[in-house]
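Each chain, written out:
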Amino acid sequence: MRLGLLYSGGKDSTLAALLLDQFYDVTLVTAHFGVTDDWKHAKATAERLDYEFERVELDGDVAEEAVEQLIEDGYPRNAIQSVHMHAIETVAGMDFEAVADGTRRDDRVPSVSRAQAQSLEDRRGVDYIAPLSGFGRGAVDRLVDATFDVTVGPSEEISRSDYEAELRALLAEKEGEAAISDVFPDHEQTYVTDVRTAGDE
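**Looking at the overall build of the chain**
Within the chain one finds eight helices and seven strands. The C-alpha atoms of the chain give a radius of gyration of 16 Å, which matches the 17 Å a tight globule of 201 residues would have. Judged by the C-alpha coordinates and their principal axes, the chain covers about 45 × 45 × 30 Å. The buried share of the chain, taken over its 201 residues, is 49%. For the chain, the proportion of contacts with a sequence separation of at least 24, taken over those separated by at least 6, is 78%.

Pasting the structure below:
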């Protein structure tokens with residue numbers, strides 16, 4: 001059964017791919033707005049991990065609405081949540097029997113509620129799967145540390161293929177570079193560079 005996994009190249013979505021791989025024909029799908037070419041980072045990781053890769057361009061109006069939401073709220077939570085739901089809906093409309101993401105149990109954003117998941121499945125005729133929904137951050141980190149080589153650093157320095165990178169670029173274009181630090185709190189991002197083999201430390 002073909003499954004499209006929303007993929008950023010980070011640790012959560014990469015671990016999700018590994019967990020789903022034994023049950024599904026997994027394709028890693030990077031959704032983007034065409035603002036930057038950051039999707040290439042996810043493609044490079046997908047190729048290193050030997051997964052099929054697709055990219056899908058999202059509706060530019062959703063990006064514009066998300067940036068307005070960032071400015072209005074002064075924080076990113078609602079904007080990222082709306083983009084994530086749009087991305088899941090978009091992937092669900094592709095040629096997959098199942099869609100998935102790398103959301104964890106303790107993620108505040110993005111997240112998919114039980115009602116949202118049920119609605120997606122009913123309307124789109126696909127299964128929605130969140131394989132990390134029972135895992136907390138500590139458990140994910142331990143599994144990742146044992147399995148992948150990962151680059152970790154501040155959001156503005158890590159090459160990744162998630163919505164935040166493009167939203168940051170659009171916000172800076174509209175409001176100036178200073179708006180990024182006003183809206184987005186400091187936090188670390190990850191980028192998976194390889195899978196560890198037996199004997200790696």
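From this point, the narrative continues.
**Examining the packing of aromatic side chains**
Counting across every chain of the model gives zero aromatic pairs. Of note, Arg55 hangs over the ring of Trp39, and the distance from its end group to the ring centre comes to 3.9 Å. The ring of Phe184 carries the charged tip of Arg168 above its face, separated from the ring centre by 4.8 Å.

**Examining the environment of Val29**
Along the chain, Val29 turns up in strand β2 (residues 25-32). Look at Val29 and you get buried, because its relative accessible area is 0%. Separated by 62 residues in the primary sequence, Val29 and Val91 have C-alpha atoms spaced 7.7 Å apart. Ignoring anything within four residues of it in the chain, the contact list for Val29 reads Gly4, Leu5, Leu6, Tyr7, Glu54, Val56, Val91, Met94 and Phe96.

**A look at unusual backbone geometry**
For the bond from Val109 to Pro110, the omega torsion is -10°, close enough to zero to count as cis. Mapped onto the elements of the fold, Pro110 is located in the loop between β4 (98-100) and α5 (114-124). Phi at Asp50 takes a positive value of approximately 65°, unusual for a residue other than glycine. Structurally, Asp50 can be placed in the loop between α2 (39-48) and β3 (52-57).

**A few points about the layout of surface pockets**
Of the voids in this model, the largest pocket is the one considered here, and its volume is about 1300 Å³. If you go around the largest pocket, you meet 44 residues; those closest to its centre are Asp12, Asp107, Val109, His187 and Gln189. Where the lining of the largest pocket is concerned, the elements lending two or more residues are α1 (11-20), β2, α4 (77-92), α6 (137-147), β6 (148-154), α7 (163-175) and β7 (188-195). Residue contributions to the lining of the largest pocket peak at four residues, all from α6.

Scoring rules and cut-offs
- Residues numbered from 1 in each chain as written.
- Predicted model: local features only at pLDDT ≥ 70, side-chain atom pairs only at ≥ 80, totals over all residues.
- Heavy atoms only, no water.
- Helix = DSSP H or I, 4+ residues; strand = E, 2+ residues; numbered from the N terminus.
- Rg over C-alpha atoms; globule rule 2.2 N^0.38 Å.
- Buried < 20%, exposed > 50% of the residue type's maximum accessible area, 1.4 Å probe, protein only.
- Contact = heavy atoms within 4.5 Å.
- Phe/Tyr/Trp six-rings, centres within 6.5 Å; stacked < 30°, edge-to-face > 60°.
- Lys NZ or Arg CZ within 6 Å of the ring centre and 35° of its normal.
- 1 Å grid on protein atoms, 1.4 Å probe; cavity = no way out; pocket = protein on both sides within 12 Å on 5 of 7 lines; lining within 4 Å.
- Points joined across faces, edges and corners; volume = space filled by probe spheres on them.

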